[in-house]
Amino acid sequence: LVEQLMVERDGLAALVKDAQREGEEAERALEEERIERIEFGTKAVEGMSALSEELEQAWSAWDEAACANAEIKTAATKESREAEGIQHDLSLRVAKLEEELSEATLRTEVLTKECKGHCEARSNLEGQLHRRESEGKRAVSECEVALCEVSNALVS
């Protein structure tokens, strides 16, 4: 019985040693897994922190772009209004110039008619002058002939 108990005790001692060894291995495995999880968690936190910074920078850039876009829209609206004002002013100037052109065209037509009338009158006056000049020359010739006749009559 003592031998049997000693054999059982040795068997139990071997089982306890195996159990202790398995327990130690399990503890080591758990410790390694815990360290891996801590390292993974640390890396995840670092990655999240980096992503958070990138996200913060992205939002900041987006805000800056939105502000710049608003400024561009404001400037474009202002320039558009200025262009509309300039276009309106130009339209008024064009209308005024068209009116002046129309008046100038009418004056030109009137002056053309007057000029045509003056040209006709000049032509008529030149014709009258030519006729009178011819009549004057003829009268001078007649006077010269008469003078010669009178001179001849006086001499004879």
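Small disclaimer: the values here were computed from a predicted structure and weren't measured.

(A) Representation of the overall build of the protein chain within the structure. Tallying secondary structure elements over the protein chain gives one helix and zero strands in all. Computed over the C-alpha atoms, the radius of gyration of the protein chain is 64 Å, more than 25% above the 15 Å expected from 2.2 N^0.38 for a compact globule of 156 residues. Dimensions of the protein chain, computed from C-alpha atoms along their principal axes, come out at roughly 215 × 30 × 20 Å. The 156 residues of the protein chain split such that 0% are buried. If you sum the accessible surface of the protein chain, you get close to 14,400 Å²; carbon and sulfur atoms cover 59% of it.

(B) Representation of a nonpolar patch on the surface within the structure. A grouping of Leu-55, Trp-59 and Trp-62 is seen on the molecular surface, where their side chains present a nonpolar patch of about 400 Å² in accessible area. Relative to the elements of secondary structure, Trp-59 occurs in helix 1 (residues 2-155).

(C) A look at the pattern of salt bridges. Within the structure shown, the criterion is met by six salt bridges. Across the pair Glu-126 and Arg-122 runs a salt bridge whose closest N-O atoms are separated by 3.1 Å. Of this pair, Glu-126 and Arg-122 both sit in helix 1, four residues apart, which is roughly one turn of the helix.

(D) The packing of aromatic side chains, seen in detail. Tallied over the entire structure, the rule returns one aromatic pair. When the centroid spacing of 5.8 Å and the interplanar angle of 80 degrees are considered together, the rings of Trp-59 and Trp-62 count as edge-to-face. A residue pair is termed a helical-turn pair when its members lie 3 or 4 positions apart in one helix, as Trp-59 and Trp-62 do in helix 1 at three residues.

(E) A negative patch on the surface, seen in detail. A cluster of like negative charges, contributed by Glu-22, Glu-24, Glu-25 and Glu-27, occupies part of the molecular surface. Looking at where Glu-24 falls in the secondary structure, it is placed in helix 1.

Cut-off values and rules
Within any chain, residue numbers begin from 1 and follow the written order of that chain's sequence. Restriction of local features to residues with pLDDT of at least 70 applies here, the model being predicted, together with a cutoff of 80 or more for giving and counting side-chain atom pairs; totals for whole chains, interfaces and linings are based on all residues. Only heavy atoms go into the side-chain values, all of them from the structure, while hydrogens and water stay out. Runs of E in the DSSP output that reach at least two residues are strands. Runs of H or I that reach at least four are helices, and both are numbered from the N terminus. We take the radius of gyration over the C-alpha atoms and set the globule estimate at 2.2 Å times the residue count to the 0.38 power. Exposure classes here rest on a 1.4 Å probe applied to the protein chains alone. A residue is buried below 20% of its type maximum, exposed above 50%, and partly exposed in between. Computed by Shrake-Rupley with a 1.4 Å probe, the accessible areas treat only the displayed protein chains as cover when residues are assessed. Candidates for patches are residues over 30% relative accessible area with no salt bridge; among them, like charges are joined within 9 Å and nonpolar side chains (Val, Leu, Ile, Met, Phe, Trp, Tyr) within 5 Å. Here a salt bridge means any side-chain nitrogen of Lys or Arg lying within 4 Å of a carboxyl oxygen belonging to Asp or Glu. Pairing of aromatic rings covers Phe, Tyr and Trp, the last through its six-membered ring, and needs centres within 6.5 Å; plane angles under 30 degrees mean stacked, over 60 mean edge-to-face, and all others mean tilted. Residues scored as positive are Lys and Arg, those scored as negative are Asp and Glu, and His as well as the terminal groups of each chain are ignored. Charge positions come from single atoms, namely NZ of Lys, CZ of Arg, CG of Asp or CD of Glu.

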